[in-house]
Amino acid sequence: MAALRTGGRLAQLSRGYHRKVVDHYENPRNVGSLDKRNKNVGTGLVGAPACGDVMKLQVEVDASGKIVDARFKTFGCGSAIASSSLATEWVKGKTVDEALEIRNTDIAKELCLPPVKLHCSMLAEDAIKAALADYKLKQDPNKEEPEKKAAST
């Protein structure tokens, strides 16, 4: 891919993706899976029906509540893959509560996503929340999530 230089800064790439998206797409971080049967692993699976992107994000949390590992598998465009990759980098080393503070707007800003690709960063935020909700549920299996409890009544 050809890159344009403007004033010493790398401008957007010829295909319309920012260099940060291309970097995470070509060199994705933390691709793979963790054992979802482990009590300390939370799994989030989210999708966007409008575009067909599907994102699985997993976190491994240690006894002190710190995220020690994160993995993802994403079926989608370069922006979806980049958003997943960045999300796994950002959650590692954070506590569960700190990771829940990561917003799609932060991911979108970091990757310089155009408005048409903002749904990719939203998926990443949703995947983080879903993985952490699954982790929390595994810590106290008698405590159902409010949505599941309401649906069963």
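Anything mentioned here points back to the structure above.
Numbering of residues begins from 1 in every chain and follows the order in which that chain's sequence is written. Since the coordinates come from a predicted model, pLDDT governs what is reported: local features require at least 70, and pairs of side-chain atoms require 80 or more to be given and counted, while whole-chain, interface and lining totals use all residues. Working from all heavy atoms in the structure, the side-chain values ignore hydrogens and water.

Enquirer: Which parts of the structure should I look at to understand the pattern of salt bridges?
Expert: Should the charged atoms of two oppositely charged side chains come close, the side chains can pair. A pair is scored as a salt bridge if a Lys or Arg side-chain nitrogen falls within 4 Å of a carboxyl oxygen belonging to Asp or Glu. Counted under the stated rule, the structure contains 9 salt bridges. Notably, a salt bridge pairs lysine 92 with aspartate 69, separated by 3.9 Å at the nearest N-O pair. With lysine 92 in the loop between helix H2 (78–91) and helix H3 (96–99) and aspartate 69 in strand E5 (residues 67–75), the pair connects residues that are 23 residues apart, well separated along the chain. Think of it in three bands: residues with accessible area under 20% of the maximum for their type are buried, residues over 50% are exposed, and the middle band is partly exposed, with areas taken using a 1.4 Å probe on protein chains only. We classify lysine 92 as partly exposed; its relative accessible area is 33%. One salt bridge in this structure joins lysine 138 and aspartate 134, with 3.9 Å as the shortest N-O distance. With lysine 138 and aspartate 134 both in helix H5 (residues 118–139) and 4 residues apart, the pair spans about one turn of that helix. Where salt bridges share partners, they join Asp23, Arg29 and Glu89 into one cluster. Only DSSP runs of H or I covering at least 4 residues are called helices, and only runs of E covering at least 2 are called strands; the numbering of each starts at the N terminus.

Enquirer: Which parts of the structure should I look at to understand the sheet that holds strand E4 (residues 53–61)?
Expert: The strands making up a sheet associate through hydrogen bonds between their backbones, and the pairing can be parallel or antiparallel. Pairing between strands requires that DSSP locate at least two bridges from one strand to the other. Spatial strand order, E3-E4-E5: 3 strands in an open sheet with antiparallel pairing. Only two strands of the sheet have a single neighbouring strand rather than two, namely strand E3 (41–48) and E5. For this sheet, the mean angle separating the axes of adjacent strands, direction not counted, is 15 degrees. Bridge count for E4 against E5 is 8 bridges, and the pairing is antiparallel. Across the sheet, the residue bridging to valine 59 is alanine 70, located in E5. With respect to the sheet, H2 is in contact with E4 and E5, its orientation differing from that of E5 by roughly 175 degrees. Note on definitions: a residue-residue contact is assigned when non-hydrogen atoms from the two residues lie within 4.5 Å. Between N-to-C directions, angles cover 0 to 180 degrees, with each direction set by a line fitted to C-alpha atoms, over the stretch in contact for helices. H5 contacts E3, E4 and E5 of the sheet and is inclined by roughly 145 degrees relative to E3.

Enquirer: Would you mind going over a nonpolar patch on the surface with me for this structure?
Expert: Every patch collects residues that have over 30% relative accessible area and no salt bridge, joining them within 9 Å if they carry like charges and within 5 Å if they are nonpolar side chains (Val, Leu, Ile, Met, Phe, Trp, Tyr). For accessible areas, the Shrake-Rupley method is used with a probe of radius 1.4 Å. Any residue's cover is judged against the shown protein chains and nothing else. Where nonpolar side chains cluster on the molecular surface, the patch consists of Leu45, Val54 and Phe75 and spans about 330 Å² of accessible area. Locating phenylalanine 75 in the fold gives a position in strand E5. Residue phenylalanine 75 is classed as exposed on the basis of its relative accessible area, which comes to 62%.

Enquirer: Help me understand the packing of H2 against helix H4 (residues 104–111), please; the structure alone is not making it clear to me.
Expert: A pair of packed helices is characterised by two quantities: the angle between their axes and the separation of those axes. It is at 10 Å that the axes of H2 and H4 come closest, and there the two elements cross at 110 degrees. Considering the angle they form, H2 stands roughly perpendicular to H4. Crossing angle aside, the handedness with which H2 passes H4 is right-handed. Here Ala82, Ser83, Leu86, Ala87 and Trp90 of H2 come into contact with H4, specifically with Asp106, Ile107, Glu110 and Leu111. In this count, Pro and Cys sit with the nonpolar residues alongside Ala, Val, Leu, Ile, Met, Phe, Trp and Tyr, while Asp, Glu, Lys and Arg are called charged and the others, Gly among them, polar. Along the lines of polarity and charge, the residues of the contact of H2 with H4 split into 6 nonpolar, 1 polar and 2 charged. Relative orientations are named as follows: roughly parallel for angles under 35 degrees, roughly antiparallel for angles over 145 degrees, roughly perpendicular for angles from 65 to 115 degrees, and oblique for any other angle. By the definition used in this description, the sense in which the near helix is turned from the far one sets the handedness, with an anticlockwise turn below a right angle giving left-handed and a clockwise turn giving right-handed.

Enquirer: Honestly, the nonpolar core in this entry has me stumped. Any pointers?
Expert: Considering soluble globular proteins, one finds that nonpolar side chains tend to be buried as a cluster. By size, the foremost hydrophobic cluster in this structure holds 30 residues, and its most contacted members are Val59 and Val91. Considering every element that reaches this core, the biggest residue donor is H5, with 8 residues. Beyond its immediate chain neighbours, meaning those up to four positions away, valine 59 contacts Leu34, Asn40, Val41, Gly42, Ile67, Asp69, Ala70, Val91, Ala131 and Leu132. Definition used in this section: a nonpolar core is a set of buried Ala, Val, Leu, Ile, Met, Phe, Trp, Tyr and Cys residues joined via side-chain atoms within 4.5 Å.

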